[in-house]
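# Topology and contacts: notes
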Amino acid sequence: MDRIAAPSVIAFIGLGQMGLPMVANLLSAGFVVRGFDLSEKAREEAAQLGAVACASPAEAAEGAAAVITMLPNGSIVRDVLLGQGAVAAAMTKGAVVIDMSSSAPTDTKALSNDLAELGLSLVDAPVSGGRARAVSGDLSVMVGGDAAVIDAVVPVLEPMSAKIFRTGAIGTGHAMKAINNYVSGAGAVAAMEGVILGKAFGLDGDTMVDILNVSTGRNNTTEAKMKQFVLSEAYNSGFSLGLMAKDIGIAEGLANELKLDLGALAETSARWREADATLDGGADHTEMYRYLNSKAT
Ligand code: NAD
């Protein structure tokens with residue numbers, strides 16, 4: 001398969017917190033981007049960046065060498081490709097779908113088989129790094145799929161990423177992403193409950209975070225979230241609580257499929273699911289602190 005290099009046409013579906021800055025980086029690298037999102041505001045923002053704003057996902061896919069999906073979950077990705085969105089039918093034979101959403105790995109395997117029957121390839125290429133690193137083009141990408149297809153799409157992934165990891169067969173990127181977010185989400189709960197506990201005993205929140213960050217308790221939440229979004233009460237990291245709960249639920253579902261009894265995973269997933277059901281629909285994932293605090297007191 002030929003490498004998909006600039007100025008090839010890339011369709012980009014899902015122009016949210018992550019999608020828009022990723023589009024900006026593809027445009028800067030010289031790709032032609034045809035974008036679609038259900039939100040008219042998002043489509044307008046993509047057009048302002050220099051993308052072609054399309055009226056439907058199928059229209060975006062016309063003539064594209066690759067279709068990138070950056071959508072809330074894998075069910076929506078399937079619906080956009082093979083259901084209502086009718087993207088697969090509009091794609092050129094031999095074109096590649098790159099699902100950069102955090103989707104469920106077993107569903108990804110099934111989607112790959114269904115697309116293959118239509119002469120289309122799929123790689124799963126979810127990302128880590130959040131909105132800040134989507135903006136700077138420094139995401140970590142974990143890619144699963146056929147090696148020759150991955151070789152072809154590397155030039156498309158490079159403008160958005162600092163590091164591209166090949167994880168193995170189709171679905172392994174999505175599995176790795178769910179595992180990462182379980183570890184991240186468990187660390188977040190531990191850091192937040194630790195601060196709640198310390199404050200109740202009279203410790204100062206900022207001081208606690210300073211100490212954790214030079215001690216063995218440090219993690220991504222203590223370093224990049226506690227002061228910035230939690231203690232400041234800004235709660236605007238750009239990653240929703242609902243998406244975090246979904247990701248940890250994917251890891252839990254995978255453990256169940258593999259018949260693994262992982263107690264901390266089940267417990268962590270339950271905490272995030274409860275918080276998602278309790279807080280407002282649009283809550284940022286750093287608002288987990290508010291939920292844990294109200295539960296504790
Ligand atoms: P988001 O909610 O900001 O964006 C999703 C976009 O998809 C929205 O603009 C929405 O209108 C659009 N959309 C929903 N259904 C659609 C459909 N049927 N057709 C077209 N557009 C549709 O979410 P996000 O934070 O950008 O996350 C996107 C994906 O990336 C998710 O799978 C998430 O788990 C993952 N992710 C997010 C982050 C982060 O920090 N925000 C980091 C890594 C991975």
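Basis of the calculations
- Residues numbered from 1 in each chain as written.
- Predicted model: local features only at pLDDT ≥ 70, side-chain atom pairs only at ≥ 80, totals over all residues.
- Heavy atoms only, no water.
- Helix = DSSP H or I, 4+ residues; strand = E, 2+ residues; numbered from the N terminus.
- Rg over C-alpha atoms; globule rule 2.2 N^0.38 Å.
- Buried < 20%, exposed > 50% of the residue type's maximum accessible area, 1.4 Å probe, protein only.
- Areas by Shrake-Rupley, 256 points an atom, 1.4 Å probe, with all protein chains shown as cover.
- Near = heavy atom within 4 Å.
- Polar contact = N/O pair within 3.5 Å; in protein donor to acceptor, adjacent residues only side chain to side chain.
- Nonpolar A, V, L, I, M, F, W, Y, C, P; charged D, E, K, R; others polar.
- Phe/Tyr/Trp six-rings, centres within 6.5 Å; stacked < 30°, edge-to-face > 60°.
- Lys NZ or Arg CZ within 6 Å of the ring centre and 35° of its normal.
- Axes fitted to C-alpha atoms, helices over the stretch in contact; angles between N-to-C directions.
- Parallel < 35°, antiparallel > 145°, perpendicular 65-115°, else oblique.
- Left-handed = near helix turned anticlockwise from the far one by under 90°.
- Contact = heavy atoms within 4.5 Å.
- Expected span 1.5 Å × (residues − 1).
- Arc of directions from axis to C-beta.

### Thoughts on the overall build of the protein chain
Assigned secondary structure in the protein chain consists of 15 helices and nine strands. In terms of C-alpha radius of gyration, the protein chain reaches 20 Å, essentially the compact-globule figure of 19 Å for 297 residues. When the backbone C-alpha atoms are referred to their principal axes, the protein chain occupies close to 65 × 45 × 30 Å. Going through the 297 residues of the protein chain one by one, you find that 49% of them count as buried. As displayed, the protein chain has an accessible area near 13200 Å², and 54% of this comes from carbon and sulfur atoms.

### Quick notes on the site of the ligand
Near the ligand, the surroundings consist of 24 residues, among which Gln 17, Met 18, Asp 37, Leu 71 and Lys 246 are the closest. Interatomic distance of 2.6 Å between a side-chain N/O atom of Asp 37 and an oxygen atom of the ligand. Coverage of the ligand by the protein amounts to 84% of the 830 Å² it exposes when considered alone. At the level of secondary structure, the elements contributing two or more residues to the shell around the ligand comprise helix 4 (74-82), helix 7 (130-136) and helix 13 (241-257). Tallied by class, the residues present in the shell around the ligand amount to twelve nonpolar, seven polar and five charged.

### Remarks on the packing of aromatic side chains
Under the counting rule described, the total for this entry stands at zero aromatic pairs. Above the ring of Phe 165, the side-chain terminus of Lys 163 is found at 5.0 Å from the ring centroid.

### What about the packing of helix 1 (residues 19-28) against helix 2 (residues 40-49)?
The relative placement of two packed helices comes down to the angle between their axes together with the axis-to-axis distance. Direction vectors running N to C along helix 1 and helix 2 enclose 20°, while the axes themselves pass 10 Å from each other. Comparing the axis directions of helix 1 and helix 2 gives the class roughly parallel. Here helix 1 runs over helix 2; the crossing is right-handed. Residue-level contacts link Leu 20, Val 23, Ala 24 and Leu 27 of helix 1 to Ala 42, Glu 45, Ala 46 and Leu 49 of helix 2. Partitioned by chemical class, the residues of the contact of helix 1 with helix 2 number seven nonpolar, no polar and one charged.

### Quick look at helix 13
Taking 1.5 Å per residue, 17 residues should reach 24 Å; helix 13 reaches 24 Å between its end C-alpha atoms and fits that length. Of all the positions in helix 13, only Leu 241, Met 244, Ala 245, Lys 246, Asp 247, Ile 248, Ile 250, Ala 251, Glu 252, Leu 254 and Ala 255 are classed as buried. If you follow the buried residues of helix 13, they end up packed against helix 6 (105-116), helix 9 (172-200), helix 14 (263-278) and helix 15 (288-296). With its phi angle positive at about 55°, Lys 259 sits one or two positions after the end of helix 13.

### Things to note about helix 6
The first and last C-alpha atoms of helix 6 sit 17 Å apart over twelve residues, in line with the 16 Å expected at 1.5 Å per residue. Inspection of helix 6 places Pro 105, Thr 108, Leu 111, Ser 112 and Leu 115 among the buried residues, and these make up the whole buried set. On an axial view of helix 6, the arc spanned by its buried residues comes to 105°, and they lie on one face. Looking at the buried positions of helix 6, the neighbouring elements they touch are helix 4, helix 5 (87-90), strand 5 (96-99), strand 6 (121-124), helix 9 and helix 13.

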